[in-house]
Amino acid sequence: MRKCLLLLDGGTTNTRFTLVENNQILAQSQCRTGAVDAAQEGQNHLLQAAVRQEMNALQNRWDCSIEEIYAAGMITSDTGLCEIKHIEAPVDLFRLAASVQVRTLPEISNVPFCFVPGIRFETGGPDNTDMLRGEEAEVFGTLDSEDDGKQLFIHFGSHNKIIYVENGSITQAATTLSGELLWAVCNHTILKSSVPRPGTIGWKMDVASVQQGFRTAEQYGLSRALFCARVHQKMHGLTQQQILSQVLGALTYADWQMFRHLFELEYKKVTLYGRQVFTDAFLSCLPLMGIPLSLGQNLRVIRYEESGSLSVRGLLKIRQLHGASVSNG
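What comes next concerns the included structure. (Residues numbered from 1 in each chain as written. Predicted model: local features only at pLDDT ≥ 70, side-chain atom pairs only at ≥ 80, totals over all residues. Heavy atoms only, no water.)

**Overview of the overall build of the chain**
Heads up, the rule is: What counts as a helix is a DSSP run of H or I of at least four residues, what counts as a strand is a run of E of at least two, and both are numbered from the N terminus. C-alpha atoms define the radius of gyration, and 2.2 Å times the number of residues to the power 0.38 defines the globule rule. A simple rule labels every residue: compare its accessible area, found with a 1.4 Å probe on the protein chains alone, to the largest value its type can have, and call it buried under 20%, exposed over 50%, or partly exposed in between.
A count of helices and strands for the chain gives 12 helices and 15 strands. The globule rule puts the C-alpha radius of gyration for 329 residues at 20 Å, and the 21 Å found for the chain is close to it. Seen through its C-alpha atoms, the chain measures out along the principal axes to roughly 65 × 40 × 35 Å. Looking at the 329 residues of the chain, the share that counts as buried comes to 53%.

Written as structure tokens, this is what we have:
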């Protein structure tokens, strides 16, 4: 029977599974169970069951035995499988790998879980404190060994994050709740009947409407901008895709309010990745942000289809360094 490695990327709303044999990916899957389910449930039984079931399904489907498990993301939070304390920035790849925590969870498997800790940021006063869980693996999965200097990474997902990297170390970050806000606005407010669900097949972003939402939020604030989208539909006959575009523009401005101070720092490269609607909305609003025109040559956009592989690359790097440290132990 083949022996395999399982990589877990636990998000707020989804958990992703990657089955690896000899550094080659055999299979990938995901379940729509994440940290938010445990937060709502008050316990992590649903997440435990989802991970156990998917592990068994992968082993049966591929006639393999999972011998190692590495996990990162919200799966290491207090609403995940096992809470692992953050380590304090700055953090490079070697320190992150040395900080991996091994735990056994017999209710899921007898194979030990190697949990990658998140990173906390506590300098500059309470307004500048922040934390990462999972994005650190994605960032190190993106960085090449020769990368140096100052770089910005902007992750778009359930939580949008800007991450500052200097000479291979993660040093600062800032987070917003925009992904969850988008879901809540589209499903649990008066706008539910006015907008299509993000990601609907055939939906197309309207750039002019995104920019309108950005400007309205800049002038009147996020809450007013969201309601203005509804007003524009009722009084001016805007389409659903235009309304959703305005909502995305308003949320993009709210993000920009938080992110802009890091753009004031000198940087070598800016990388955008993750949820496509937010990536595209951010790109649409670049002319309104006053970002130098020279950004274009430093800007890298990783499309959504490739973004999912960043955590896998990072976890494989971490596992290689952690495994070597354990062997040399």
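**Notes on helix 4 (residues 135-142)**
Burial runs high along helix 4: 8 of the 8 residues are buried. Listed as buried for helix 4 are Glu 135, Glu 136, Ala 137, Glu 138, Val 139, Phe 140, Gly 141 and Thr 142.

**Description of the environment of Gly 73**
For clarity, the cut-off: Every residue pair with non-hydrogen atoms within 4.5 Å of one another is taken to be in contact.
Mapped onto the elements of the fold, Gly 73 is located in strand 4 (residues 64-73). Under the relative-accessibility criterion, Gly 73 is labelled buried at 1%. Each C-alpha atom of the pair Gly 73 and Pro 117 lies 8.0 Å from the other, and the pair is 44 residues apart in sequence. Once residues lying within four places of it in the same chain are set aside, the contact partners of Gly 73 are Gly 10, Arg 133 and Gly 134.

**Observations concerning the sheet that holds strand 14 (residues 269-274)**
Definition in use: Strands were regarded as paired on the criterion that DSSP finds at least two bridges between them. Here an axis means a line fitted to C-alpha atoms, over the contact stretch when the element is a helix, while the angle between two N-to-C directions is reported on a 0 to 180 degree scale.
Spatially, 6-13-12-11-14-15 is the arrangement adopted by the 6 strands of the open sheet, whose pairing is mixed. Both edges of this open sheet fall to strand 6 (91-92) and strand 15 (299-302), since each of them pairs with a single strand only. Contacts from helix 8 (residues 240-263) reach strand 11 (150-156), strand 12 (160-166), strand 13 (169-176) and strand 14 within the one sheet, and its direction differs from that of strand 13 by about 160 degrees.

**A look at the pattern of salt bridges**
Heads up, the rule is: We define a salt bridge as a side-chain nitrogen of Lys or Arg found within 4 Å of a carboxyl oxygen belonging to Asp or Glu.
Inspection of the entire model under this criterion finds 7 salt bridges. Arg 16 serves as the salt-bridge partner of Asp 9, at 3.2 Å between the closest nitrogen and oxygen. Assessed through its relative accessible area of 28%, Arg 16 is described here as partly exposed. The residue Arg 120 makes a salt bridge to Glu 88 at a minimum N-O spacing of 3.6 Å. Pair noted here: Arg 120 is in strand 9 (residues 119-121) and Glu 88 is in strand 5 (residues 87-88), with a separation of 32 residues, a long-range link. Judged by its relative accessible area of 28%, Arg 120 falls in the partly exposed class. Taken together, the salt bridges that share partners define one network made up of Glu 88, Arg 120 and Glu 122.

**Quick word on the pairing of strand 2 (residues 15-21)**
When you tally the buried positions in strand 2, you get 6 out of 7 residues, the bulk of the element. As judged from the 6 bridges shared by strand 1 (residues 2-10) and strand 2, these two strands associate in the antiparallel manner. When the bridges of strand 2 are listed, Gly 10 appears paired with Thr 15. Adjacent in sequence and paired antiparallel, strand 1 and strand 2 are bridged by 4 residues. Here strand 2 pairs with strand 3 (residues 24-31) via 7 bridges, running antiparallel. Residue pairing for strand 3: Arg 16 is matched across the bridge by Gln 30. Turn length for the strand 2-strand 3 hairpin, with the two strands adjacent in sequence and antiparallel, is 2 residues, and the turn residue Asn 22 shows positive phi of about 50 degrees.

**Topic: the sheet that holds strand 8 (residues 113-115)**
In space, the 6 strands of this open sheet follow the order 3-2-1-4-8-7, with mixed pairing throughout. Each edge of the open sheet carries a strand with a single partner, namely strand 3 and strand 7 (101-103). Across this sheet, the average inter-strand angle for adjacent strands is 20 degrees, counted without regard to direction. Note: strand 1 against strand 4, 9 bridges, orientation parallel. Looking at strand 4, one finds that Leu 5 is bridged to Glu 68.

**A few points about the pairing of strand 11**
Successive side chains on a regular strand alternate, one facing one side of the sheet and the next facing the other. Burial within strand 11 is extensive, with 6 of its 7 residues counted as buried. Bridge analysis of strand 11 against strand 12 gives 6 bridges, and the strand direction is antiparallel. Residue Ile 154 lies in a different strand from strand 12, and its bridge partner there is Ile 162. Hairpin connection between strand 11 and strand 12: a loop of 3 residues separates the two successive antiparallel strands. Where strand 11 meets strand 14, 6 bridges bridge the pair, whose relative direction is parallel. When the bridges of strand 14 are listed, Ile 154 appears paired with Leu 272.

Interpretation note: all reported values are geometric properties and have no functional meaning in isolation.
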